[in-house]
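# Observations on the model geometry
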Amino acid sequence: MTPSELFYVRSHFPAPAIDASRWRLTVRGLREAEFGLDELRRLTSETRTVTLECAGNGRIALSPSVEGVQWHLGAVSTAEWTGVPLTAVLERAGVPPGSVEVVMEGADRGTPRATPRPPQPIVYAHGVPVGHAHEVLLAWAMNGEPLTREHGFPLRAVASGYYAMVSVKWLTRIQVVREPFQGYYKTTDYAYWDDMDGLPVQRPLGRMPLKSQIARPVAGEVARAGSEVNVVGAAWTGGAPVECVEVSGDGGRTWDAAEILDPHEHGVWRRWQWTWHVPTEPGKYALMSRAVDREGQTQPAERDPRYGTYGINHVVPVVVRVR
Ligand SMILES: Nc1nc2c(c(=O)[nH]1)N[C@H]1C(S)=C(S)[C@@H](COP(=O)(O)O)O[C@H]1N2
Ligand SMILES: [Mo]
C-alpha cells in the first residue's frame, strides 16, 4: 500500500474545492437518479485494493524526449479504496438496452494545453464500456481516510486494470450512453495508433499493459564490488495475471527468476525481489526486469512507437555503478 501522502498526483486542471454537504451525484440511465454522500454510504460498501498508473508513467525514459509531465518511475501507486460499485448506482438509474459506455464527469474544468483545442473550457470526463462497470468503484475513502482534495474529494472513480485517466476524480455526473464517448481525453489526448487491416487508426488507451519496474536500487546508485544487493520492484497488468518476473544484472544477457512477494489480485501490483551478486569487476551495470503473464506474454524489450507519449511498458534498464 502506498501511504496517501506519497501517492502520486496528476490533475489536468486546478483541484475544485467541493462542499460535501451540498454535493450531489447525478446518474442518468433509463431514469435520472441522484445521490448525496449519505445516501451512497447507505448502499452496500466495499473496500478494494487497486493500483493506479498514469499512462505517462516512465516518460523520462523516452528518447528523443516528448511533451508532457516528465515522470520517472513514480506515477504508479496502490491504495485501499472504500466506496460503492458503479454497478450499484447503475441499478438505481437503469441501463437502457443498446447502451455501450458509462461516462463519468468530474467537477474540474478548463482549457487543455494540447491542440486541437475545444472551442470552450471542458470538464474532465472519461468512460468505461458498460460490460466493465463492475471494475469501477465509486470511492469516498483512500487507505481508510476520506479522500483528500487532490485525490478527488468527495467521490472519485477507481477503475481496476485501466490506466488511471479512467479513474475520474471529483465525480459529479455519470451518464449511460449509446455510442462510444469521443471526449477530448479519449480522442485528442490518451489515444494511440493502432493498425486495422493495414490502416492506421486512433483508439483510446484503456487497460494497463504488462509491466514491471525496479524500485531499488535507483539509477546512478553505487554498489560495492563482490557484495549482494537486494533488487526490489513491482509488476502489474490490466490483462492476464502476472505469472513471474525475470531480472538481469548484465544488461539482458542472462535472466533469473525473481521471488514474487504478493499473491495475485486483479488490478493490483505484485512486489518482487531478487538478490544480485554484484560482480567483482568495477564499472557500469544495467539492471533490467521483465514480467511474464499467465498467457506466456513477456513485457516488451523495445519501445512501441504507436503509443506516442504514453504506454511506456518496455524494459527500461537501471544503470548502477560498481566500485
Ligand atoms: N476529474 C479528473 N479526474 C482525473 C484527472 C483529472 O485531471 N481530472 N486526471 C486523471 C489522470 S491522468 C490520472 S493519472 C489520475 C491520477 O489520480 P491521482 O491524482 O489520485 O493519483 O486521475 C485521473 N482522474
Ligand atoms: Mo495520467
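These figures come from a predicted structure and were not determined experimentally. Counting from 1, residues in each chain are numbered in the order their sequence is written. Working convention: letters from A go to chains and numbers from 1 go to ligands, in the order in which they are written. With pLDDT at 70 or above as the cut-off, local features in this predicted model cover only qualifying residues; side-chain atom pairs require 80 or more to be listed or tallied, and sums for whole chains, interfaces and linings still use all residues. Each side-chain value is worked out from all heavy atoms of the structure, with water and hydrogens disregarded.

This paragraph deals with the side chain of S167. Numbered from the N terminus, helices here are DSSP runs of H or I no shorter than four residues, and strands are runs of E no shorter than two. Mapped onto the secondary structure, S167 falls in the loop between strand 9 (156–159) and strand 10 (171–177). For S167, a relative accessible area of 4% gives the class buried. Distance and chemistry together define a polar contact, namely a pair of N or O atoms within 3.5 Å, with one atom able to donate a hydrogen and the other to accept it when in protein, and with adjacent residues in sequence counting only for side-chain atoms on both sides. Reaching out from S167, the side chain makes a polar contact with the backbone nitrogen of A159 at a distance of 3.0 Å. Ignoring any residue separated from it by four or fewer positions in sequence, one finds S167 in contact with L52, R156, A157, V158 and A159. Per-residue accessibility, obtained with a 1.4 Å probe over protein chains only, is compared with the maximum for each type, and a residue is labelled buried under 20%, exposed over 50%, and partly exposed between these values. By the convention used here, residues are in contact when the closest approach between their heavy atoms is within 4.5 Å.

Stacked, tilted and edge-to-face pairs are distinguished by plane angle, under 30 degrees for stacked and over 60 for edge-to-face with tilted covering the rest, among Phe, Tyr and Trp rings (Trp via its six-membered ring) whose centres lie within 6.5 Å. For the structure shown, the criterion picks out 11 aromatic pairs. Geometrically, the ring pair formed by Y8 and W71 is edge-to-face, given 5.7 Å between the ring centres and 85° between the ring planes. One end of the pair, Y8, is in the segment before strand 1 (25–28); the other, W71, is in the loop between strand 3 (46–53) and strand 4 (76–85), and 63 residues separate them in sequence. The same class applies to Y8 as to W71, namely buried. Relative to Y185, the ring of F13 lies with its centre 6.4 Å away and its plane at 75°, an arrangement referred to as edge-to-face. Taken together, the residues span a long stretch of sequence, with F13 in the segment before strand 1 and Y185 in the loop between strand 10 and strand 11 (191–196) at a distance of 172 residues. An aromatic cluster of three or more residues is present, and its members are F13, Y124, Y184, Y185, Y190 and Y310. For a lysine, the NZ atom is tested; for an arginine, the CZ atom; a charge sits over a ring if that atom is within 6 Å of the ring centre and within 35 degrees of the ring normal. The ring of Y162 carries R207 above its face, with NZ or CZ at 4.7 Å from the centroid. Positioned over the ring face of W255 is R290, at 3.9 Å from the centre of the ring.

Let us now look at the sheet that holds strand 20 (residues 283–293). In this description, strands pair whenever DSSP reports at least two bridges between them. Reading across the sheet, the 5 strands line up as 14-21-20-16-17 and stay open at both edges, with mixed pairing between neighbours. Here the strands that pair on one side only, and so sit at the sheet edges, are strand 14 (222–223) and strand 17 (256–257). Across 2 bridges, the pairing between strand 14 and strand 21 (residues 318–322) is parallel. Considered in strand 21, the bridge of A223 is made with V322.

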